[in-house]
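Inside the fold
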Amino acid sequence: MTGILNYWAFCLTVLVFLALPGPGTFAILTSSAKGGLRGGFVALCGLMLGDWFLMAAALLGVAALLQAHPAVFKGVQYLGVAYLGWVGGNLLFRKGGASSATLLPIDHGRFLRQSFLITLINPKAIVFYMAFFPLFIDPATAQVPWTFFAMALTITVLTLFYGGLLVLVGNFAAQRLGKHPVVAKLASRLAGIALIGFGAKLAVND
């Protein structure tokens, strides 16, 4: 795809990040448990709205950097590779399970607003978008704003797909996963290896 490096690796990396347990994941699970399918999908919409705010802010910053300082943009890409490796290393070597705490409590009937705020105040989400987008942008062929719109749209579609699965089968899977911490730990290790591998591939291709 024009302007996007390693498009399929981009999609796979997004899916790996989506699958990592975090405030957004548990917001959807909690909303589904309290409000059924409707509550789960309303919470998913709130998360996606928050993602669009963060993506818009990140892409505006990336676009300005790309146009004004191409050499600095290249350095940012290497920082993105390092960030990917850091996240993967934490997943690979950390001890204990993932925390199920959200940044805000989930109350019945307020799923949209609460999940939207959870996304906006999640510092990991902000850092993720600022570090992630430059990794997959080809400065030579990028077409602002169409390349950025394509990346944001891809993330939205993948989030809708994965979030929909969470709503439909997430509670069942979460309950089973909670009863088998060894499986949860193995899934975390595999995600870490995948992220480190994606980072290495991007660094070599560069």
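Observations regarding the overall build of the protein chain
Along the protein chain, the regular secondary structure elements total 7 helices and 0 strands. Listing the helices and strands of the protein chain from first to last along the sequence gives α-α-α-α-α-α-α. Across the 206 residues in the protein chain, those meeting the buried criterion constitute 43%. Of the roughly 10,800 Å² of accessible surface on the protein chain, 73% is carried by carbon and sulfur atoms.

A closer look at the confidence of the model for the protein chain
Low pLDDT marks regions whose predicted coordinates should not be analysed in detail. Mean pLDDT for the protein chain: 74, with 64% of residues reaching 70 or above. Contacts for the low-pLDDT stretch residues 97–103, under 50 throughout, to residues beyond four places or in other chains number 12 contacts.

A short note on the side chain of T154
With respect to the helices, strands and loops of the structure, T154 is situated in helix α6 (residues 146–178). Note on T154: relative accessible area 10%, which makes it buried.

Overview of the packing of aromatic side chains
Taken as a whole and assessed by the stated rule, the structure comprises 4 aromatic pairs. Ring centres 5.5 Å apart and planes at 75° place the aromatic pair F53 and F116 in the edge-to-face group. Within this pair, whereas F53 is found in helix α2 (residues 23–68), its partner F116 is found in helix α4 (residues 111–120), the two being separated by 63 residues in sequence. Joined through ring pairs, the aromatic side chains of Y7, W8, F10 and F136 make up one cluster.

Focus on the environment of L120
Along the polypeptide, L120 turns up in helix α4. For the pair formed by L120 and L54, sequence separation is 66 residues and the distance between their alpha carbons is 7.1 Å.

Re the nonpolar core
By size, the foremost hydrophobic cluster in this structure holds 38 residues, and its most contacted members are F10, Y129, F133, F136 and M151. The biggest single contributor to this core is α2, with 11 residues.

Let's talk about the side chain of D51
Within the secondary structure, D51 is located in helix α2. On the basis of relative accessible area, D51 is assigned to the buried category, the value being 13%. Contacts of D51, omitting those with residues within four sequence positions, involve T119, Y129 and T159.

Focus on a nonpolar patch on the surface
A contiguous nonpolar surface patch, about 570 Å² in accessible area, is contributed by L37, F41, F161, L165, L168 and V169. Only α2 and α6 provide two or more residues apiece to the nonpolar patch. Ranked by residues supplied to the nonpolar patch, first place goes to α6 with 4 residues. Structurally, the position occupied by L37 is in helix α2.

About the cut-offs
Within every chain, residues take consecutive numbers counted from 1 along the sequence as written. Owing to the predicted nature of the model, reporting of local features is limited to residues with pLDDT of at least 70; listing and counting of side-chain atom pairs is limited to 80 or more, with chain, interface and lining totals taken over all residues. By convention in this description, side-chain values take in all heavy atoms of the structure and omit both hydrogens and water. Starting at the N terminus, helices and strands are each numbered in turn, a helix being any DSSP run of H or I of at least four residues and a strand any DSSP run of E of at least two. Buried, partly exposed and exposed residues are distinguished by accessible area as a fraction of the type maximum, computed with a 1.4 Å probe on protein chains only: under 20%, between the cut-offs, and over 50%, respectively. We get accessible surface area from the Shrake-Rupley algorithm with a probe of 1.4 Å; when it comes to residues, only the shown protein chains can shield them. By definition, pLDDT measures how confident the predictor is in each residue, and it falls between 0 and 100. When checking whether two residues touch, look at their non-hydrogen atoms; a contact exists if any pair is within 4.5 Å. Ring geometry is summarised as follows: Phe, Tyr and Trp rings, the Trp one being its six-membered ring, pair when their centres sit within 6.5 Å, and such pairs are stacked at plane angles under 30 degrees, edge-to-face over 60 and tilted between the two. The definition of a nonpolar core used throughout is a set of buried Ala, Val, Leu, Ile, Met, Phe, Trp, Tyr and Cys residues joined through side-chain atoms within 4.5 Å. For patch detection, residues must exceed 30% relative accessible area and be free of salt bridges, and they are connected within 9 Å for like charges or within 5 Å for nonpolar side chains (Val, Leu, Ile, Met, Phe, Trp, Tyr). We define a salt bridge as a contact between a side-chain nitrogen of Lys or Arg and a carboxyl oxygen of Asp or Glu at a distance within 4 Å.

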